Amino acid sequence: MMRFINLTCLVVLVLWAIPNLFLEQIGPDVIGVRRSLTGGIAEQDFGVGYHVSMPFWHKWYRLQGTLHYLEFSHSSGEPLDVRTKENNVIFIDVSIPYHIKEGEGWEIVRNGFEHDYPNKVKSATIGTLRKNLAELSNLDVQDPGKRQEIAQKTLPILNESLAQYHVVATHIVLRAIR
């Protein structure tokens, strides 16, 4: 009887230890990036599921795989200030959803941006928006069609400047102008 109890305890311990020590769980809203001591960063993103992980040999980075939002608004205390063609300063409430490009999460980690890529994206976005939204005139500001046209024209330029951080903006929403 004692042998059966010992064997049962051993089986339970092994069934608990193998998943917890040798497998890494990646959730559905996360991009997993694995770094090993000898091989460096694995050149692939790890999606949902369990992945082989050797204790003390692999380190895992987790990046948010969902949409991120950049918001410049009066209510958040940080509207985007832009100088128009006529040299007037306007404050624009803007929302920009963006996400990490498919299969490029590992490059964010390789370049050392895993902790500060949102700040870098924000900085690049502010520069691009200020440059391109400055094409608005005082009359264009009042015309929703013109604002939408400028936003659509700015999106590819914004994505070009964000490519260095391996993210892509889905669209630009100009909500209010003060």
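Quantities reported herein were computed from a predicted structural model and do not represent experimental measurements.

Calculation rules
Starting from 1, residues in each chain are numbered consecutively following that chain's sequence as written. In view of the model being predicted, local features appear only for residues whose pLDDT reaches at least 70, and side-chain atom pairs are presented and counted only at 80 or more, with totals across whole chains, interfaces and linings using the full set of residues. Where side-chain values are given, they derive from all heavy atoms of the structure, hydrogens and water being excluded. Any Lys or Arg side-chain nitrogen located within 4 Å of an Asp or Glu carboxyl oxygen qualifies as a salt bridge. Going along the chain from the N terminus, every DSSP run of H or I of four or more residues is numbered as a helix, and every run of E of two or more is numbered as a strand. A score between 0 and 100, pLDDT records how confident the predictor is in each residue. Three labels apply to residues, based on accessible area from a 1.4 Å probe with only protein chains included: buried if under 20% of the type maximum, exposed if over 50%, partly exposed otherwise in between. Two residues qualify as a contact provided that any one of their heavy atoms is within 4.5 Å of a heavy atom in the partner residue. To define axes, lines are fitted to C-alpha atoms, for helices over the stretch in contact only, and angles between the resulting N-to-C directions are given on a 0 to 180 degree scale. Two helices that cross are described as forming a left-handed crossing if the nearer one is turned anticlockwise from the farther one by less than a right angle, and a right-handed crossing if clockwise. Only centres within 6.5 Å qualify two rings of Phe, Tyr or Trp (six-membered ring in Trp) as a pair; their planes then separate them into stacked at under 30 degrees, edge-to-face at over 60, and tilted for everything else. Only strands that DSSP links by at least two bridges are regarded as paired with each other. Using a 1 Å grid laid over the protein atoms alone, points where a 1.4 Å probe fits but cannot get out form a cavity; open sets with protein on both sides within 12 Å along at least 5 of 7 lines form a pocket; any residue with an atom within 4 Å of a point counts as lining. Grid points are joined across faces, edges and corners, and a volume is the space filled by probe spheres set on the points. When residues are grouped by polarity, Ala, Val, Leu, Ile, Met, Phe, Trp, Tyr, Cys and Pro land in nonpolar, Asp, Glu, Lys and Arg in charged, and all others, Gly among them, in polar.

**Topic: the pattern of salt bridges**
When the charged atoms of two side chains with opposite charge come close together, those side chains can pair. In this structure the tally under the stated criterion is seven salt bridges. Where Glu43 meets Arg110, a salt bridge forms, and the shortest distance between an N and an O atom there is 2.6 Å. Of this pair, Glu43 sits in the loop between β3 (40–41) and β4 (49–52) while Arg110 sits in helix α2 (residues 105–110); the two residues are 67 residues apart in sequence, bridging distant segments of the chain. Where Asp81 meets Arg130, a salt bridge forms, and the shortest distance between an N and an O atom there is 2.6 Å. You can see Asp81 sitting in strand β7 (residues 80–83) and its partner Arg130 sitting in helix α3 (residues 117–133), a full 49 residues away along the chain.

**Focus: the confidence of the model for the protein chain**
Per-residue confidence for the protein chain gives a mean pLDDT of 87; residues scoring 70 or more make up 100%. For the protein chain, the element scoring lowest by mean pLDDT is helix α1 (residues 2–22), at 78; strand β9 (residues 167–169) scores highest, at 95.

**Considerations on the side chain of Ser36**
Counting through the fold element by element, Ser36 comes out in strand β2 (residues 30–36). Residue Ser36 is classed as buried on the basis of its relative accessible area, which comes to 15%. Those residues within four positions of Ser36 in sequence are excluded, and the remaining contacts are Trp57 and His58.

**With respect to the packing of α3 against helix α5 (residues 144–162)**
With their axes 10 Å apart at the nearest point, α3 and α5 run at an angle of 140 degrees to one another. At the point where α3 passes α5, the crossing takes the right-handed sense. Two secondary-structure elements touch here, α3 through Val121, Ala124, Thr125, Thr128, Leu129, Asn132 and Leu133 and α5 through Ile150, Thr154, Ile157, Leu158, Ser161 and Leu162.

**Re unusual backbone geometry**
Look at Asn87: it is not a glycine, yet its phi comes out positive at around 70 degrees. Mapping Asn87 onto the fold places it in the loop between β7 and β8 (89–100). With a phi angle near 65 degrees, His166 is a residue other than glycine that sits in the positive phi range. Tracing the backbone shows His166 in the loop between α5 and β9.

**As for the packing of aromatic side chains**
Geometrically, a pair of aromatic rings is defined through the distance of the ring centres and the angle of the planes. The final tally for this structure, using the stated rule, is two aromatic pairs. With centroids separated by 5.1 Å and ring planes inclined at 70 degrees, the aromatic side chains of Phe46 and Trp60 adopt a geometry described as edge-to-face. Here the residue Phe46 occupies a position in the loop between β3 and β4, and Trp60 occupies one in strand β5 (residues 58–64), the gap between them amounting to 14 residues. For Trp60, a relative accessible area of 11% puts it in the buried group. Ring geometry for Phe113 versus Tyr165: centroids 5.4 Å apart, planes at 70 degrees, classification edge-to-face. Of this pair, Phe113 sits in the loop between α2 and α3 while Tyr165 sits in the loop between α5 and β9, and the two are 52 residues apart along the sequence. The same class applies to Phe113 and to Tyr165, which are both buried.

**As for the pairing of β7**
Alternating residues of β7 divide into Leu80 and Val82, all buried, and Asp81 and Arg83, none buried. Note: β7 against β8, four bridges, orientation antiparallel. Among the inter-strand pairings, Arg83 is bridged to a residue of β8, identified as Val89. With antiparallel pairing between neighbouring strands as the criterion, β7 and β8 make up a hairpin whose turn holds five residues, including Asn87 at a positive phi of roughly 70 degrees.

**Concerning the layout of surface pockets**
Unoccupied space between atoms shows up once a probe the size of one water molecule is rolled over them. The calculated volume of the largest pocket comes to roughly 160 Å³. In this structure, the largest pocket is lined by 16 residues; those nearest its centre are Ile31, Asp45, Gly65, Ile100 and Glu102. For the lining of the largest pocket, the secondary-structure elements that each account for two or more residues are β2 and β8. Its residues placed into classes, the lining of the largest pocket shows six nonpolar, seven polar and three charged.

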